[in-house]
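Here's the letter readout for the chains.
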Amino acid sequence: MNVLFAHCNSDDLAYFPIALPDDDLVLVSGEPEGETNVEVLSVMHGKPVSTDAIRSMPGLRLIVTRSTGFDHIDLEAAKSLGISVCNVPEYGSITVAEFTFGLMLSLSRRIPQAVANSREGKFSVEGLMGVDLAGKTLGIVGLGKIGRHLAKMSEGASMRVVAHDPYKPNSIPLDDLLAQSDVVALCCPLTPQTHHLINTQALSKMKSSAFLVNTSRGGVIDAKALLHALDKDQIAGAALDVLEDELAPGEISLKLMGHSRALVTPHLAYDSKEALDRIRATTVEVIQAFKSGKVLNSVMKDE
C-alpha cells in the first residue's frame with residue numbers, strides 16, 4: 001500500500017520502514033504536499049486534516065491519527081468519501097497521569113521558581129515556601145483511564161480524592177468538587193459539554209488556596225476567566241500543559257505563559273519514550289489490519 005506518514009521525527013523515520021517493509025512509504029517531517037497517490041495517511045494530533053487535504057488524495061482509503069484525539073480531522077468529509085478514520089485509543093494514560101502529578105508537585109512546592117532562582121545564583125529559600133499534598137483533597141474531573149491512574153497515585157501520596165464524571169458511579173457534582181478541592185485536575189475530553197467547563201462561575205467556587213491543573217484539552221478552560229482569577233488571587237496557581245490556541249498563542253495565552261502564578265508546558269504530558277513506542281506499534285497494527293480487510297480502532301460510530 002502507498003502510505004504517507006506526516007509530521008515524523010527521527011525515531012519515526014527509523015521505525016516505520018522496518019515495521020512495514022512491504023509497503024510503499026513516504027515519510028515527511030512536515031505537512032503532506034503533492035502526494036496524490038496516497039492510500040493511507042498517518043498524522044499527529046493538532047495537525048489539521050481538512051476537506052481540501054482529503055480531496056487532494058483521490059486514492060485515500062484510511063486516515064490514522066497517531067493520537068487518541070481526532071478532532072483535528074474532518075470526519076464528515078472522510079465519511080462522505082468512504083474513508084475510514086482510526087486512532088490510537090490507549091497509549092499514555094499512565095504517562096499523562098504521572099505528568100499531571102508532577103505538575104501538582106511543581107505548583108505545590110514551587111519547583112520551577114526554585115530552579116530558576118538557583119540558575120540566577122539566588123540560592124535562597126525566600127519566597128519559595130510550598131505546601132504539602134499529603135492530607136489535601138484532589139478533585140479529578142473525568143474518571144477515564146488517566147483520571148483513575150492519577151487517583152491511585154494521589155491516594156498513594158496520602159491525598160483524599162473526589163471525582164466528578166457524569167458517566168461514573170460515586171461521582172459528586174462539579175460545584176461540590178470545586179468547593180472541596182485543594183487541587184483540581186482536569187482529565188476529561190473536550191466535548192460541547194466540557195467546552196469552557198472551567199469558567200468565571202466555576203473559578204469563583206474554588207478555594208483561594210487551590211491549584212488548577214489541566215492536561216486534557218485547552219478548550220476545557222476559559223483562558224480569559226483563568227487569567228482574571230490569577231490576577232485577582234482568586235486561586236493560588238495553575239499548571240497548563242494545553243492551551244486552546246496552542247498552535248498560535250494569542251494575547252491571553254501569552255500572558256498566562258509569563259504569569260507568576262502559572263506554569264505552562266508545551267503539550268508534552270504524553271511525550272515519553274514508552275508512550276511514543278506504543279503509538280507507533282498501534283499505528284502499524286491498524287495499517288496491517290486494514291490491509292487484511294479489517295478496520296481497527298475506528299472513530300466512526302457506524303463502522
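Residues numbered from 1 in each chain as written. Predicted model: local features only at pLDDT ≥ 70, side-chain atom pairs only at ≥ 80, totals over all residues. Heavy atoms only, no water.

Caption draft 1: Region of interest: the sheet that holds strand β8 (residues 183-186). In spatial order, the strands read β7-β6-β8-β9-β10-β11; together these six strands make up an open sheet with parallel pairing. What marks the edges here is a single partner per strand, and that holds for β7 (160-164) and β11 (262-264). Ignoring strand direction, the axes of neighbouring strands in this sheet form an average angle of 15 degrees. (Pairing = 2+ DSSP bridges. Helix = DSSP H or I, 4+ residues; strand = E, 2+ residues; numbered from the N terminus. Axes fitted to C-alpha atoms, helices over the stretch in contact; angles between N-to-C directions.)

Caption draft 2: Main features of the side chain of Thr-137. On the secondary structure map, Thr-137 appears in strand β6 (residues 137-141). Only 3.1 Å separates the side chain of Thr-137 from the side chain of Arg-160, close enough to count as a polar contact. Apart from the residues lying within four places of it in its own chain, the contact partners of Thr-137 are Met-159, Arg-160, Val-162, Gln-180, Ser-181, Asp-182 and Val-183. (Polar contact = N/O pair within 3.5 Å; in protein donor to acceptor, adjacent residues only side chain to side chain. Contact = heavy atoms within 4.5 Å.)

Caption draft 3: Focus on the packing of helix α1 (residues 10-19) against helix α11 (residues 273-291). Running from amino to carboxyl end, α1 crosses α11 at an angle of 35 degrees, the nearest separation of the two axes being 11 Å. As for the relative orientation of α1 and α11, their crossing is right-handed in sense. Facing α1, whose interface residues are Asp-11, Asp-12, Tyr-15, Phe-16 and Ala-19, α11 presents Arg-280, Ala-281, Thr-283, Val-284 and Gln-288. Of the residues contributing to the contact of α1 with α11, the split by class is five nonpolar, two polar and three charged. (Left-handed = near helix turned anticlockwise from the far one by under 90°. Nonpolar A, V, L, I, M, F, W, Y, C, P; charged D, E, K, R; others polar.)

Caption draft 4: View of the sheet that holds strand β5 (residues 84-86). The sheet built from five strands is open, its strands ordered β2-β1-β3-β4-β5 with parallel pairing. In this open sheet, the two strands that pair with only one neighbour each are β2 (24-27) and β5. Put simply, the sheet's adjacent strands are angled 15 degrees from each other on average, direction ignored. Relative to β5, strand β4 (residues 62-65) runs parallel, the two being bridged by three bridges. For Leu-62, the partnering residue across the bridge sits in β5 and is Ser-84. Set on the sheet, α1 makes contact with β1 (2-5) and β2; between it and β2 the angle comes to about 175 degrees. Of the strands in this sheet, β1, β3 (40-43), β4 and β5 touch α11, which is tilted by about 165 degrees from β4.

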